Amino acid sequence: GNYELLSVLGVGGTAQVHFARVVEGPKKGQHVALKRLHPRRAQDAGAVKDFEEEAKTLALLKHANIVRTLDAGVFDGHQCLVMELIDGHDLGQILRKARAKKKPLPVDVACYAAKVLLDALGAVHGAKDAKGAPLELVRADHAVDQTVLERLLRVEEPVTVHVLVDALDRLA
């Protein structure tokens, strides 16, 4: 295929995310995050459809705080989603480190994280499909879909998303 898997970045219930490198074409040598549907899930038509829908949805979202989709399809027999590789620590890592030290996040860091997440959530809320129709990833009743946030925003720790969802639901 066009990608060389270098290491595993994370494993979830439906997919693995790999640190990978583009091996041919104009982006040769570029490092990417390659999300690959687990082979056992690839036998489930519903899981494949969900994975394909996720790829289509991500491709429509354009915002500085939403991971960009670079490619999607079947590579080496696996359903894959190729995304930009984000350098640095994710919010989950920062929160785990603060928790381990038994220290809260500094107020400026917490405010910045909230601003970035809310900016991205605003972009998700206003997202439209190719025909200009709203994607409705945030439901009209103001209840936030936690799964959408976990998949789309640069947040790797579900508890963080859960806290954000609770706060947004209280504001709604």
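Residues numbered from 1 in each chain as written. Predicted model: local features only at pLDDT ≥ 70, side-chain atom pairs only at ≥ 80, totals over all residues. Heavy atoms only, no water.

Novice: What is the right way to look at the side chain of H38 in this model?
Specialist: Following the sequence through the fold, H38 ends up in the loop between strand 3 (31–37) and helix 1 (45–60). With residues near it in sequence (within four places) discarded, H38 still touches V11, G12, G13, T14, A15 and Q16. (Helix = DSSP H or I, 4+ residues; strand = E, 2+ residues; numbered from the N terminus. Contact = heavy atoms within 4.5 Å.)

Novice: What exactly am I supposed to notice about the environment of Y3 here?
Specialist: Checked against the element boundaries, Y3 lands in strand 1 (residues 3–11). Once the C-alpha coordinates of Y3 and V23 are considered, the two residues, 20 residues apart in sequence, prove to be 5.5 Å apart. Once you skip the residues sitting within four places of it in the chain, Y3 turns out to touch R21, V22, V23, V32, L34, D71, F75 and V82. Side-chain polar atoms of Y3 contact the side chain of D71, separated by 2.6 Å. (Polar contact = N/O pair within 3.5 Å; in protein donor to acceptor, adjacent residues only side chain to side chain.)

Novice: Any chance you could explain the sheet that holds strand 2 (residues 15–22) here in plain terms?
Specialist: As summarised here, the arrangement of the 5 strands in space is 1-2-3-5-4, forming an open sheet in which the pairing is antiparallel. The sheet is open, and its two borders are formed by strand 1 and strand 4 (69–75), each paired with just one other strand. In this sheet, adjacent strand axes meet at a mean angle of 30 degrees when their direction is disregarded. Sheet topology note: the strand 4/strand 5 (residues 78–84) ladder contains 6 bridges and is antiparallel. Opposite T69, over in strand 5, you have M83 as the bridge partner. Each of strand 2, strand 3, strand 4 and strand 5 touches helix 1; the most contacted strand, strand 5, lies at about 20 degrees to it. (Pairing = 2+ DSSP bridges. Axes fitted to C-alpha atoms, helices over the stretch in contact; angles between N-to-C directions.)

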